[in-house]
Amino acid sequence: MADNNEGITPEISVVIPVFNEEAVLPALFERLYAAMDQIGRSYECVFIDDGSTDRSVALLREQFERRPNSTRVIFFNGNFGQHSAIMAGFKHCHGQIIVTLDADLQNPPEEIANLLAKVEEGHDYVGTIRKKRQDIFWRRIASQLMNKVRHRITKIQMTDQGCMLRAYRRPIIDAINSTSEINTYIPALAYMYAASPVEIEVEHAEREAGESKYSLYKLIRLNFDLVTAFSLVPLQIFSLAGIVLSLGSGMLVMYILLRRLFIGPEVEGVFTLFAITFFLIGILLFGIGLLGEYVGRIYQQVRERPRYLVKGVLEEQPVAEKTEEQART
Ligand code: UDP
Ligand code: MG
């Protein structure tokens, strides 16, 4: 065994959410551990099994047995989502530098060395931009568009929000661990706390095997979360539009009233009025939906349900202070 961190706190933690990834795990283990060994610093790989129903669980156990000193596995009691999985990884990891990585090998583990080099230059947040995105067309367009909107609204500078390969220094992770916010988007949250964020370009490959766990619906949800979690601007735009529109329609009503008084009853232009009404109703409905986004967020927050449930943890030296947390996070 090439583990070089027996009994000591590792310098680097790699946090990897796993959900039904049996097809890629063997390749991931091989490349990830080889890449980390090559860096030559002490490390741990923290896998969070997000309620997989395939052989991922067995594969993770095997890997733990093979490399117990540099592996930690957290098993969830069900599927709580990628971000909850990463949050759990943050709670259970011990490194001073924390790297997040997807299990599907779309971001090559070999790039971790480049991220670490940037951290050594003094940055506390290293984001990544995929050099050549190997995703299908509509995903590229959709995420470009969302990036623009999000940047304008939230001021969070993230060229490539979909890329999870990122490195953070410990204080940022501690800050994230101390928030009890639900539904939050981790890279954006981290960006807020970072003093010296930087982005580098990384390679990007096709998904090695298995299929994407994100549907179009989930992507839309994620983006709504991103905007509403970090900004009130949508609501504010709404009140502004409300003012402008009510002034406008007020004038329209005055105009129609005057016509009724001076010209008498008339039915021409009824369709125009209908059109205006439908337009206003459309805006109204969107507004109610948007309000619902925020109210729903508050509702989720006040319930304070646990974000995930941990079924078990595989680790060499269980760390005492980490046991009370399971519930919240
Ligand atoms: N993932 C997870 N829980 C989920 C969905 C995904 O832990 O409910 C993990 C998945 O195993 C992978 C990462 O999150 O490691 C990214 O998922 P995926 O590659 O399917 O997303 P995409 O790259 O298509 O955005
Ligand atoms: Mg992927």
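Definitions and limits used
- Residues numbered from 1 in each chain as written.
- Chains lettered and ligands numbered in written order.
- Predicted model: local features only at pLDDT ≥ 70, side-chain atom pairs only at ≥ 80, totals over all residues.
- Heavy atoms only, no water.
- Pairing = 2+ DSSP bridges.
- Helix = DSSP H or I, 4+ residues; strand = E, 2+ residues; numbered from the N terminus.
- Axes fitted to C-alpha atoms, helices over the stretch in contact; angles between N-to-C directions.
- Contact = heavy atoms within 4.5 Å.
- pLDDT = per-residue confidence, 0-100.
- Core = buried A, V, L, I, M, F, W, Y, C linked by side-chain atoms within 4.5 Å.
- Buried < 20%, exposed > 50% of the residue type's maximum accessible area, 1.4 Å probe, protein only.

## Some thoughts on the sheet that holds strand β7 (residues 197-202)
One open sheet accounts for 8 strands, arranged β7-β5-β6-β4-β1-β2-β3-β8; its pairing is mixed. Pairing within the sheet leaves two strands with one partner each, and these edge strands are β7 and β8 (310-314). Recorded for the sheet is a direction-independent mean angle of 20 degrees between the axes of neighbouring strands. Here strand β4 (residues 97-100) pairs with strand β6 (residues 166-169) via 4 bridges, running antiparallel. Residue pairing for β6: I98 is matched across the bridge by Y168. Lying on the sheet, helix α3 (residues 82-92) is in contact with β1 (12-18), β2 (43-49), β3 (71-76), β4, β6 and β8; it crosses β3 at an angle near 135 degrees. Of the strands in this sheet, β5 (125-130), β6 and β7 touch helix α7 (residues 186-193), which is tilted by about 40 degrees from β6.

## Re the confidence of the model for the protein
Averaged over every residue, the pLDDT of the protein is 85; residues scoring 70 or more account for 91%. Across residues 1-5, confidence stays below pLDDT 50; counting only partners more than four residues off in sequence or on other chains, it has 17 contacts. Confidence drops under a pLDDT of 50 for residues 320-329, and excluding neighbours within four residues, the segment shows 17 contacts in the predicted structure.

## Considering the pairing of β6
Strand direction decides the pairing type here: β5 and β6, joined by 2 bridges, are antiparallel. Residue Y125 lies in a different strand from β6, and its bridge partner there is Y168.

## Digging into the nonpolar core
Soluble, globular proteins show a tendency: their nonpolar side chains are buried together. Membership of the largest hydrophobic core comes to 35 residues, with the highest contact counts inside it found for I16, L28, L32 and F47. For this core, the secondary structure elements donating two or more residues are β1, α1 (25-39), β2, α2 (56-66), β3, β4, α4 (112-120) and β7. If one sorts the elements of this core by residue count, α1 sits on top with 6 residues. Excluding residues within four positions of it along the chain, L28 makes contact with I16, Y33, F47, L101, A103 and L105.

## What about the pairing of β7?
Alternating residues of β7 divide into V198, I200 and V202, all buried, and P197, E199 and E201, none buried. One ladder, built from 6 bridges, connects β5 with β7; its direction is parallel. Counted as the bridge partner of V126 is V198 from β7.

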